[in-house]
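# Survey of secondary and tertiary structure
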Amino acid sequence: MKIPYLLSIITWLPALGAIIILFLFRKGREGAIKRFATAWFGLDFLVSLALLSYDRGVGGFQFLEDCEWIPIIGARYQMGADGVAVLLILLTTLLGWIASLSSWEYIQKREKEYYVLLLLLQASVLGVFCAADLFLFFLFFEVSLVPMYFLIGIWGGERRLYAAIKFFLYTLVGSVGLLLGLIKMYFLTQDATLLAAVTPATKALVAGVGNDAALALLNGSLAEAAAGGTGTFNIMAMQALGSVIPMGSMQVLLFFAFAIGFAIKVPMWPFHTWLPDAHVEAPTAGSVVLAGILLKLGTYGFYRFNLPFFPKASIDQTYFWGGAFGVRNVMVVLAIISIIYGALAAMYFVVKRDGDVKKLVAYSSVSSMGIVMLGLFSLNPNGLNGAVLHMINHGIYSAALFLLVGIIYERRHTRAVDQFGGLSHVMPGYAAVFLAMAMTAIGLPLLCVFISEFLAMRGAFEANPWWAGWAALGIILNAGYMLWLYQRMFFGNIDNPKNEALRDLKGREWAYMTPLLVMSLWIGVYPKPFIDFIQKPVAAIVKHVRPDYPVTPAAPRAPQTAEKR
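The present account deals with the structure reproduced in this document. Bear in mind that the values here come from a model prediction, so they are computed numbers and not experimental data.

Rules of the game
- Residues numbered from 1 in each chain as written.
- Predicted model: local features only at pLDDT ≥ 70, side-chain atom pairs only at ≥ 80, totals over all residues.
- Heavy atoms only, no water.
- Helix = DSSP H or I, 4+ residues; strand = E, 2+ residues; numbered from the N terminus.
- Rg over C-alpha atoms; globule rule 2.2 N^0.38 Å.
- Buried < 20%, exposed > 50% of the residue type's maximum accessible area, 1.4 Å probe, protein only.
- Polar contact = N/O pair within 3.5 Å; in protein donor to acceptor, adjacent residues only side chain to side chain.
- Contact = heavy atoms within 4.5 Å.
- 1 Å grid on protein atoms, 1.4 Å probe; cavity = no way out; pocket = protein on both sides within 12 Å on 5 of 7 lines; lining within 4 Å.
- Points joined across faces, edges and corners; volume = space filled by probe spheres on them.
- Disulfide = S-S within 2.5 Å.
- Phe/Tyr/Trp six-rings, centres within 6.5 Å; stacked < 30°, edge-to-face > 60°.
- Lys NZ or Arg CZ within 6 Å of the ring centre and 35° of its normal.
- Axes fitted to C-alpha atoms, helices over the stretch in contact; angles between N-to-C directions.
- Parallel < 35°, antiparallel > 145°, perpendicular 65-115°, else oblique.
- Nonpolar A, V, L, I, M, F, W, Y, C, P; charged D, E, K, R; others polar.
- Expected span 1.5 Å × (residues − 1).
- Salt bridge = Lys/Arg side-chain N within 4 Å of Asp/Glu carboxyl O.

### Some remarks on the overall build of the protein
Looking only at helices and strands, the protein features 23 helices and three strands. The C-alpha atoms of the protein give 23 Å as radius of gyration, which agrees with the globular expectation for 565 residues (24 Å, within 12%). When its C-alpha atoms are laid out on the principal axes, the protein stretches across 75 × 60 × 40 Å. Evaluated residue by residue, the protein yields a buried proportion of 63% over its 565 residues.

### Section: the side chain of Ser365
Within the secondary structure, Ser365 is located in helix H17 (residues 357-376). A distance of 3.1 Å separates polar atoms of two side chains, one belonging to Ser365 and the other to His394. Residues in contact with Ser365, not counting those within four places in the same chain, are Leu275, Ala291, Leu295, His394 and Ser398.

### Focus: the layout of surface pockets
Where empty space is left becomes clear once a probe the size of a water molecule has been rolled over the atoms. The volume enclosed by the largest pocket comes to roughly 430 Å³. Along the wall of the largest pocket there are 17 residues; nearest its centre are Tyr106, Trp155, Gly156, Gly157 and Tyr409. Counting residues per element, the ones that place at least two in the lining of the largest pocket are helix H13 (274-281) and helix H18 (381-412).

### Quick look at the state of the cysteines
Cysteine pairs can be linked by a disulfide, which is a covalent bond between their two sulfur atoms. Across all of its chains, the model carries zero disulfides by this definition. Cys130 provides the cysteine sulfur closest to Cys67, a residue in no disulfide bond, and the two sulfurs are 16 Å apart.

### Describing the packing of aromatic side chains
Applying the stated criterion across every chain yields a total of 43 aromatic pairs. Taken together, the ring pairs connect Phe137, Phe141, Phe255, Phe256, Phe258, Phe262, Phe302, Phe305, Phe309, Phe310 and Phe377 into an aromatic cluster. Over the aromatic face of Phe141 sits the side chain of Lys265, whose NZ or CZ is 4.9 Å from the ring centroid. For Arg415, the ring lying beneath its charged end belongs to Tyr409, and the centroid distance is 5.0 Å.

### Concerning the packing of helix H3 (residues 83-102) against H18
The geometry of H3 relative to H18 is characterised by a closest axis approach of 10 Å and an angle of 5 degrees between their N-to-C directions. By the angle between their axes, H3 is roughly parallel relative to H18. From H3, Val84, Leu87, Leu88, Leu91, Leu95, Ile98 and Ser102 reach across to H18, where they touch Val388, Met391, Ile392, Gly395, Ile396, Ala399, Leu403 and Glu410. Grouping the constituent residues of the contact of H3 with H18 by class yields 12 nonpolar, two polar and one charged.

### Looking at H17
Taking 1.5 Å per residue, 20 residues should reach 28 Å; H17 reaches 29 Å between its end C-alpha atoms and fits that length. Capping of H17 at its N-terminal end is provided by Asp356; its side-chain oxygen lies 2.8 Å from the backbone amide nitrogen of Lys358.

### Considering the pattern of salt bridges
Following the criterion strictly, the structure yields 10 salt bridges and no others. A salt bridge links Arg159 to Asp277; the shortest N-O distance between them is 3.5 Å. Of this pair, Arg159 sits in the loop between helix H6 (145-155) and helix H7 (160-188) while Asp277 sits in helix H13, and the two are 118 residues apart along the sequence. Across the salt bridge formed by Asp356 and Arg415, the nearest N and O atoms sit 3.2 Å from each other. In this pair, Asp356 is assigned in the loop between helix H16 (327-351) and H17 and Arg415 in the loop between H18 and helix H19 (428-442), connecting sequence segments 59 residues apart. Owing to a relative accessible area of 17%, Asp356 belongs among the buried residues under this scheme. Taken together, the salt bridges that share partners define one network made up of Glu105, Lys506 and Arg508.

Structure representation (structure tokens):
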């Protein structure tokens, strides 16, 4: 059964829950508030499961909604999701429920405000993945900063204000360039010559072969922009326009205007320095959402905008230094540095006697996101499939590791590695779950990270064997620091008396860790259902950026209709 306005329901349901808590729950009813919020997150996840009806054989934007919003500038309330967005939406709703459940004992002050902000954060992030209009996307993208700023600043650690302000300023600075690039793209959609140069084949490729509803929305947006001269913010229209924007200084500048905004969010080296502070000072649920979801806003931005908006710049390898270096090379070099630097920085916090486990996991995210970026700029189906799947897999294992760090911190109020040792003797369940997630992060076969890293590395090797070789060094270092960390924390004797009576995992903790364990094993053993969601959208992106690449087009399916209101 098709649910009308499904994406709007999924997006705005958390905001409705926040309003209910804000106005209908009095302070002093903390138990009722946290139970209601967790149930509401669970409801949003259950509703989002309806997205599994996405037609994987067609691809393109589906579950389309189109409503007049700001006609004077051509901005419309348009929602739509392709297979990549569907998986990210499902990950967001699942981690939202997990984040809420994990906060029951950790958050002991101003609980009403905490759950309101957590719900609003979920709504803003879901809006990013559901938006089919660039102006709408930008609003959600910016609004997502506010709840996270307060979550870190109010419920974070000792240096929470410094971390919150640094997080906010870094990402806000990146958004300035993104806004300027967005405005320029909007003005380009007013150029009748460029609009007329877009071919029907390009429109069909962007919309998804056989996806009549998306094609109609794309054609309607282009026609409205041409007729009224107002331009359009429709994402598909701008993707189609990207095929006819000439290569030159304007396209390169636009590429980097978008890229800097998204690179800070990823974060890529050298824009990463806000991340360790934010992770260390954030409450556990904040770290879960930050690592599992918010970092994906950056990589999703590269996938959704940089590659299809600026295909000639994305593939360029000759623009700089007299034809010896190009835009693509810049992104690949930064990705490889991120992979190796993040791994070395994480290693430091194992070598350091009193190293912080949470900082280790934070720097491992820099390395892992570097693999995503390398896969994206491999610009072949294997690389992009691996990159997109690694977004999902990183969300699973990084969220799990931050939850595990939060569990031990609740018991010991320290994250220093030298304060632990021999934990497997008193916390065997915790030790088993930590081992499973450490092996996932390493990329052990039959666990989820293996298949995504394999695909990303396969794509990188196809593009340039040297790229894959350098990236492999980071993967080796990744295995080194994870195994070393596990050895220091869980093996040997219990030398610290404070660890002798630690409780093992409780029922509630098993409840939110089990889904992540199941997902890691499921994707690792049988990734086909997940890859099926992303294959057609990825193939379309590769064909759009590299028209000569031998990608098999999607077979046409039955027509669909868009919802108007």
